Amino acid sequence: MNDSTKTVSIVVPFFNEGENVQRFREALLPLLDNVPGIAFEIVCVDDGSSDNTLERLVATVRQDSRFRVIELSRNFGKEAALTAGIDHARGDAVIPMDADLQDPPELIPDMIAAWRKGAEVVLARRSDRRADPVLKQRTAAWFYRIHNRLSNLKLPENVGDFRLMDRVVVDALKSLTEQQRFMKGLFAWVGFKTVTLDYQRRARAGGGSKFSGWKLWNFALEGITSFTTLPLKIWTYIGLIGALASGAYAAYIVMRTLVVGIDVPGYASLLVAVLFIGSLQLISIGVLGEYIGRIYMETKRRPTYIVRHRFDRDEES
Ligand code: UDP
Ligand code: MG
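Since this is a predicted model, take the numbers as computed values, not measurements.

I tried to follow the overall build of the protein chain on my own but got confused; where do I start?
Regarding its fold elements, the protein chain presents 10 helices and 8 strands. The C-alpha atoms of the protein chain give 25 Å as radius of gyration, which overshoots the globular expectation for 317 residues (20 Å, by more than 25%). Projecting the C-alpha coordinates of the protein chain onto the three principal axes gives extents of approximately 90 × 40 × 35 Å. Counting the 317 residues in the protein chain, one finds 43% classified as buried. Look at the contacts in the protein chain between residues 6 or more apart in sequence, and 83% of them connect residues 24 or more apart. When the accessible surface of the protein chain is totalled, it reaches about 16,900 Å², and 61% of it is carbon and sulfur. Within the protein chain, one finds 41 positive and 37 negative side-chain charges whose respective centroids are separated by 5 Å.

Written as structure tokens, this is what we have:
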């Protein structure tokens, strides 16, 4: 295969990143010029920004024909925006990255080098997350631990969406038809020959994180429900253990009543038992709800995102 004909697509979701558009461009472009034999396209997805992100992205397209902009009709969330970008990418390899320069563009030439050597996926692993708040580091670590214990799919720890994927991997990814897309999991699920590079995660170039604690919690639930049904099945066993324990306790009470007669106190233990079992049942119904809600949303077959407009230098549509 002739390397000189290869194109790499860089896919970047933007949500209210107006102040980062220029910075992103300035950090990225000099690097791209230093990768010989590769043509780049930069697919920017505007995920329903309410600031001047779109305006700035469109201005960039006018100046540099390697840039393309996919404007979504509203904010669909990062996973959907990433899906939109990957769907529209035309390159022989695709690199998703964040707009806030937390994913260092300096790694791109190394990723491409590893790809040229035969890797189908080149993962970028954060060798340290000191730039993230402590709470986020902690909760992320818990998430990976719980997810990987529950699910057969092992998510590589400290790996985000920043990676290079060969076209075969991208096509495999596009063949997964679910509408609610936990990209990190889908990336891992498709597999392929993987090489890992380490990098230092930096602080955000400007602005604040778009993910609140509540959003992250739901993101974690999405991740776990997407790849394991263990939380659904566990209740059978909890119920069995409870039934066995209460059977034994019932036998004990009967015996004791026969021997020492009826014993009136026991209000507190009764109440505790009722409340405890009641709460367990509510939790299990909640877990059912998480899954049923997702089944319900999935059966609607709504598209993951809607494109309002595409801005390409040559073909505007
Ligand atoms: N993002 C998006 N849609 C959203 C939220 C975020 O496209 O609804 C983009 C955001 O513009 C950025 C990337 O996703 O390019 C990562 O977001 P952020 O930096 O806020 O996440 P963090 O690094 O804090 O996990
Ligand atoms: Mg960020």
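Looking at this structure, how should I read the coordination of the magnesium ion (ligand 2)?
Geometrically, a metal with four donors at the corners of a regular tetrahedron has ideal angles of 109.5 degrees, and one with six donors at the corners of a regular octahedron has ideal angles of 90 or 180 degrees. Here the magnesium ion (ligand 2) is held by D100 (OD) and Q102 (OE1), and the distances to it run 1.9 to 2.0 Å. A relative accessible area of 3% places D100 in the buried class.

Please explain the site of ligand 1 as it appears in this structure.
Taken together, 20 residues lie near ligand 1, and E17, D47, D100, S209 and K210 sit nearest. Note that an oxygen atom of ligand 1 is positioned 2.9 Å from one of the backbone N or O atoms of F15. For ligand 1, whose unbound accessible area comes to 530 Å², protein coverage reaches 94%. Mapped by element, the contributors of at least two residues to the shell around ligand 1 are β1 (6-14) and α3 (78-88). Across the shell around ligand 1, the residue classes break down as 6 nonpolar, 4 polar and 10 charged.

I'm lost on the pairing of strand β3 (residues 67-72) in this one. Help?
Most of β3 sits inside the fold, with 6 of its 6 residues counted as buried. The side-chain alternation of β3 yields two buried faces, one formed by F67, V69 and E71 and the other by R68, I70 and L72. After leaving strand β2 (residues 38-46), the chain enters helix α2 (residues 53-63) and then returns to the sheet as β3, a path that is right-handed. Pairing analysis gives 4 bridges linking β3 to strand β8 (residues 307-311), with the strands arranged antiparallel. Opposite E71, over in β8, you have H309 as the bridge partner.

I tried to follow the environment of L153 on my own but got confused; where do I start?
Its location among the elements puts L153 in the loop between α5 (134-150) and β6 (159-166). A relative accessible area of 14% places L153 in the buried class. Separated by 19 residues in sequence, L153 and V134 have C-alpha atoms that sit 26 Å apart. Beyond its immediate sequence surroundings of up to four residues, L153 is in contact with H147, N148, G185, A188, W189 and F227.

Sorry if this is basic, but what is going on with the pattern of salt bridges here?
Oppositely charged side chains are able to pair whenever their charged atoms sit close together. On inspection of all chains with the given rule, the structure shows 18 salt bridges. For D33, the salt bridge identified is with R66, shortest N-O distance 3.5 Å. Here D33, found in helix α1 (residues 18-33), pairs with R66, found in the loop between α2 and β3; they are 33 residues apart in sequence, far enough to count as distant. Since its relative accessible area comes to 54%, D33 is described here as exposed. With a relative accessible area of 24%, R66 lands in the partly exposed category. Taking the shortest distance from any N to any O, the salt bridge between D64 and R66 comes out at 3.1 Å. With relative accessibility at 10%, the residue D64 sits in the buried group. One salt-bridge network, held together by shared partners, links K78, D98, D103, D161 and R201.

Conventions we followed
Residues numbered from 1 in each chain as written. Chains lettered and ligands numbered in written order. Predicted model: local features only at pLDDT ≥ 70, side-chain atom pairs only at ≥ 80, totals over all residues. Heavy atoms only, no water. Helix = DSSP H or I, 4+ residues; strand = E, 2+ residues; numbered from the N terminus. Rg over C-alpha atoms; globule rule 2.2 N^0.38 Å. Buried < 20%, exposed > 50% of the residue type's maximum accessible area, 1.4 Å probe, protein only. Contact = heavy atoms within 4.5 Å. Areas by Shrake-Rupley, 256 points an atom, 1.4 Å probe, with all protein chains shown as cover. Lys, Arg positive; Asp, Glu negative; His and termini not counted. Charge placed at Lys NZ, Arg CZ, Asp CG, Glu CD. Donors = N, O, S within 2.8 Å, 3.2 Å for Na, K, Ca; no water. Near = heavy atom within 4 Å. Polar contact = N/O pair within 3.5 Å; in protein donor to acceptor, adjacent residues only side chain to side chain. Nonpolar A, V, L, I, M, F, W, Y, C, P; charged D, E, K, R; others polar. Right-handed = clockwise from strand over helix to strand, strands pointing away. Pairing = 2+ DSSP bridges. Salt bridge = Lys/Arg side-chain N within 4 Å of Asp/Glu carboxyl O.

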